[in-house]
Amino acid sequence: ERARFRHAPWDAAAPPDGAPPLLLAQEAVARLLELLAQLTLSSVAFHEGRAALRDRLGTQVFHPAVTLRDDPLDPRALPFPFDLAGEPAAAVDLVARGVMRTPAVDAALARALGLPVTPHAVSHDEARPDHLALVRGGAGWAELAQAAHGGLWVGALDGIEAFDPMELRFRATACGVRRLDGEGLGDPVPDLVWEDSLFSVLSRVRAVGRESVTLARDVLGGTTAPMLVVEPSRPLRPKRA
């Protein structure tokens, strides 16, 4: 049903000028969350001094609508009852209403930061959140489309990569792009290159959807995300052949 709704049988049109709002599909949001976790929410990133959020614990880093939780017991996220150190699984708020609370914490990082160990061990020397979930909002399709009026729908992000980890800057190809026409999806747009910062994207949130989708990460984890309306900090550009 989701595929039928998103299918575009028409010829591609030019994207709108400037940096219009983006309505990100759940699959696109999940990829952004996984990149965030890789860059700055694992114990290894903190130990190696490359975690952009290391010096921002307890501070507002994102929009208050952003609450990011790791919950290995959530049935939607390929649950697992304990971590690989044998600790019972439990939900942990990593970001609460935009405030950075904690990364995944192993024993060494707990001593360094004065934080409790979290049940995220994936080896003897690494803790990593593998059951991420962005807490849903209350916006249905009509509210999301209105919040992104005049903007673009992004169905997926391909080839996502970081090129300035301390600023959480990333580059990705936006795929399945459509103009937002009234209350529905309008003309398709060719794939676009999106360069931005997760600090900016997750601070400029207009609406959070109420329907989530889970993407499997591996056999022991998944990322659960709703749709998200954000304001990019710069225009997306056409992808060169």
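Procedures and definitions
- Residues numbered from 1 in each chain as written.
- Predicted model: local features only at pLDDT ≥ 70, side-chain atom pairs only at ≥ 80, totals over all residues.
- Heavy atoms only, no water.
- Helix = DSSP H or I, 4+ residues; strand = E, 2+ residues; numbered from the N terminus.
- Rg over C-alpha atoms; globule rule 2.2 N^0.38 Å.
- Contact = heavy atoms within 4.5 Å.
- Lys, Arg positive; Asp, Glu negative; His and termini not counted.
- Charge placed at Lys NZ, Arg CZ, Asp CG, Glu CD.
- Core = buried A, V, L, I, M, F, W, Y, C linked by side-chain atoms within 4.5 Å.
- Buried < 20%, exposed > 50% of the residue type's maximum accessible area, 1.4 Å probe, protein only.
- pLDDT = per-residue confidence, 0-100.
- Phe/Tyr/Trp six-rings, centres within 6.5 Å; stacked < 30°, edge-to-face > 60°.
- Lys NZ or Arg CZ within 6 Å of the ring centre and 35° of its normal.

Caption draft 1: Fine view of the overall build of the protein chain. Scanning the protein chain for helices and strands turns up 6 helices and 16 strands. Radius of gyration (C-alpha) of the protein chain: 18 Å, near the 18 Å computed for a compact globule of 241 residues. Reported as C-alpha extents along the three principal axes, the dimensions of the protein chain are approximately 55 × 35 × 35 Å. For the protein chain, long-range pairs separated by at least 24 residues make up 71% of all intrachain contacts whose partners lie at least 6 apart in sequence. Where the 26 positive side-chain charges of the protein chain centre and where its 31 negative ones centre are 3 Å apart.

Caption draft 2: Local environment of the nonpolar core. Among the nonpolar cores identified, the biggest contains 53 residues, and Leu24 and Trp194 are the most heavily contacted of them. Take this core: its biggest share by element is 9 residues, from helix H2 (residues 26–40). Formed by 12 residues, the second largest nonpolar core is a distinct cluster that contains Leu23, Ala147, Leu180 and Met227.

Caption draft 3: Just the confidence of the model for the protein chain, in detail. The pLDDT averaged across the protein chain works out to 90; a share of 93% of its residues lies at or above 70. Of all secondary-structure elements in the protein chain, the lowest mean pLDDT belongs to helix H1 (residues 2–6), at 61, while strand S4 (residues 99–100) reaches the highest, 98.

Caption draft 4: Fine view of the packing of aromatic side chains. In total, this model carries 4 aromatic pairs according to the counting rule given. Ring geometry for tryptophan 141 and tryptophan 153: centres 5.8 Å apart, planes at 65°, overall edge-to-face. Of this pair, tryptophan 141 sits in helix H5 (residues 141–147) while tryptophan 153 sits in strand S8 (residues 152–154); the two residues are 12 residues apart in sequence, bridging distant segments of the chain. A residue is classified by how much of its surface remains accessible, and tryptophan 141, at 23% relative accessible area, is partly exposed. Here the basic side chain of arginine 171 rests over the ring of phenylalanine 163, its NZ or CZ set 4.4 Å away from the ring centre.

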